[in-house]
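The lines below spell out each chain.
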Amino acid sequence: VQLQASGGGLVQPGGSLTLSCAASRSIFRLNGGGWYRQAPGKERELVAGIHSDGSTKYADSVKGRFSISKDNAKNMVYLQMNSLKPEDTAVYYCNTYPASKYWGQGTLVTVSS
């Protein structure tokens with residue numbers, strides 16, 4: 001399976017971005033979807049996950065600011081990020097939730113003034 005994350009970029013603190021993830025086949029319907037990130041010098045961490053039933057889980061650091069959603073028909077998972085902070089700077093990856101061994105290239109999000 002191929003996973004392609006997109007939508008990253010440079011944004012000022014307090015700004016917003018929406019990330020999109022396209023899967024090459026239908027994996028999010030049964031497996032759920034997740035967004036993960038890896039900042040320089042740090043391990044990859046879960047940012048947000050959405051189960052097959054639509055229930056969600058968020059890292060404490062992004063609760064109330066980020067929102068995950070998915071479109072099973074389009075094999076897509078999205079991450080709406082609001083009130084971005086410099087500490088949100090990282091490469092963001094999508095995968096199933098829990099994560100499988102298939103990782104795409106990720107998309108870089110830089111929050112800086």
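Keep in mind it's a predicted model, so treat the numbers as computed, not measured.

K.L.:
In this structure, what is going on with the sheet that holds strand β1 (residues 3-6)? I would like to understand it.
P.N.:
What links the strands of a sheet is backbone hydrogen bonding, and the strands pair in either a parallel or an antiparallel sense. Strand order in the open sheet formed by four strands is β1-β3-β8-β7, and the pairing between neighbours is antiparallel. Of all the strands in the sheet, the pair left with one neighbour each is β1 and β7 (66-71). Averaged over all adjacent pairs, the angle separating strand axes in this sheet is 15°, with direction ignored. Note: β7 against strand β8 (residues 76-81), six bridges, orientation antiparallel. Each bridged residue has a counterpart across the sheet, and for Ile 68 the counterpart in β8 is Leu 79.

K.L.:
Explanation requested: the pairing of strand β10 (residues 107-111) in the structure shown.
P.N.:
Here β10 shows one buried face, formed by Thr 107, Val 109 and Val 111, and one open face, formed by Leu 108 and Thr 110. In this structure, strand β2 (residues 9-11) lies alongside β10, joined through three bridges in parallel fashion. For Val 11, the partnering residue across the bridge sits in β10 and is Val 111. Sheet analysis places strand β9 (residues 90-95) next to β10, joined by three bridges and oriented antiparallel. By the bridge assignment, Val 91 is partnered in β10 with Leu 108.

K.L.:
Help me out: how do you make sense of the packing of aromatic side chains in this one?
P.N.:
How two aromatic rings sit relative to each other is set out by the distance from centre to centre and by the angle between their planes. Summed over the entire model, instances satisfying the criterion amount to two aromatic pairs. Centre to centre, the rings of Tyr 93 and Trp 103 are 6.1 Å apart; their planes meet at 85°, and the pair counts as edge-to-face. Placement of Tyr 93 in strand β9 and of Trp 103 in the loop between β9 and β10 is noted, with a sequence separation of 10 residues between them. Residue Trp 103 is classed as partly exposed on the basis of its relative accessible area of 31%. Put simply, the rings of Tyr 36, Tyr 93 and Trp 103 pair up and form one aromatic cluster. Looking at Arg 44, its charged tip hangs above the ring of Tyr 93, at a distance of 4.8 Å from the centre. Its guanidinium or amino end placed over the ring of Trp 103, Arg 44 lies 3.7 Å from that ring's centre, counting from NZ or CZ.

K.L.:
Could you clarify how one ought to interpret the layout of surface pockets in this entry?
P.N.:
Any empty space left between the atoms is revealed when a probe the size of a water molecule rolls over them. Of the volumes computed, that of the largest pocket is approximately 170 Å³. Arg 37, Ala 39, Lys 42, Glu 45 and Glu 87 are the residues nearest the centre of the largest pocket, which is lined by 13 residues in total. Along the lines of polarity and charge, the residues of the lining of the largest pocket split into two nonpolar, three polar and eight charged.

K.L.:
Got a minute to help me understand the environment of Gly 8 in this structure?
P.N.:
As for its position among the elements, Gly 8 is in the loop between β1 and β2. In sequence terms Gly 8 and Leu 19 are 11 residues apart; their C-alpha atoms lie 6.4 Å from each other. Excluding residues within four positions of it along the chain, Gly 8 makes contact with Leu 17, Leu 19, Thr 107, Leu 108 and Val 109.

Conventions we followed
Residues numbered from 1 in each chain as written. Predicted model: local features only at pLDDT ≥ 70, side-chain atom pairs only at ≥ 80, totals over all residues. Heavy atoms only, no water. Pairing = 2+ DSSP bridges. Helix = DSSP H or I, 4+ residues; strand = E, 2+ residues; numbered from the N terminus. Axes fitted to C-alpha atoms, helices over the stretch in contact; angles between N-to-C directions. Buried < 20%, exposed > 50% of the residue type's maximum accessible area, 1.4 Å probe, protein only. Phe/Tyr/Trp six-rings, centres within 6.5 Å; stacked < 30°, edge-to-face > 60°. Lys NZ or Arg CZ within 6 Å of the ring centre and 35° of its normal. 1 Å grid on protein atoms, 1.4 Å probe; cavity = no way out; pocket = protein on both sides within 12 Å on 5 of 7 lines; lining within 4 Å. Points joined across faces, edges and corners; volume = space filled by probe spheres on them. Nonpolar A, V, L, I, M, F, W, Y, C, P; charged D, E, K, R; others polar. Contact = heavy atoms within 4.5 Å.

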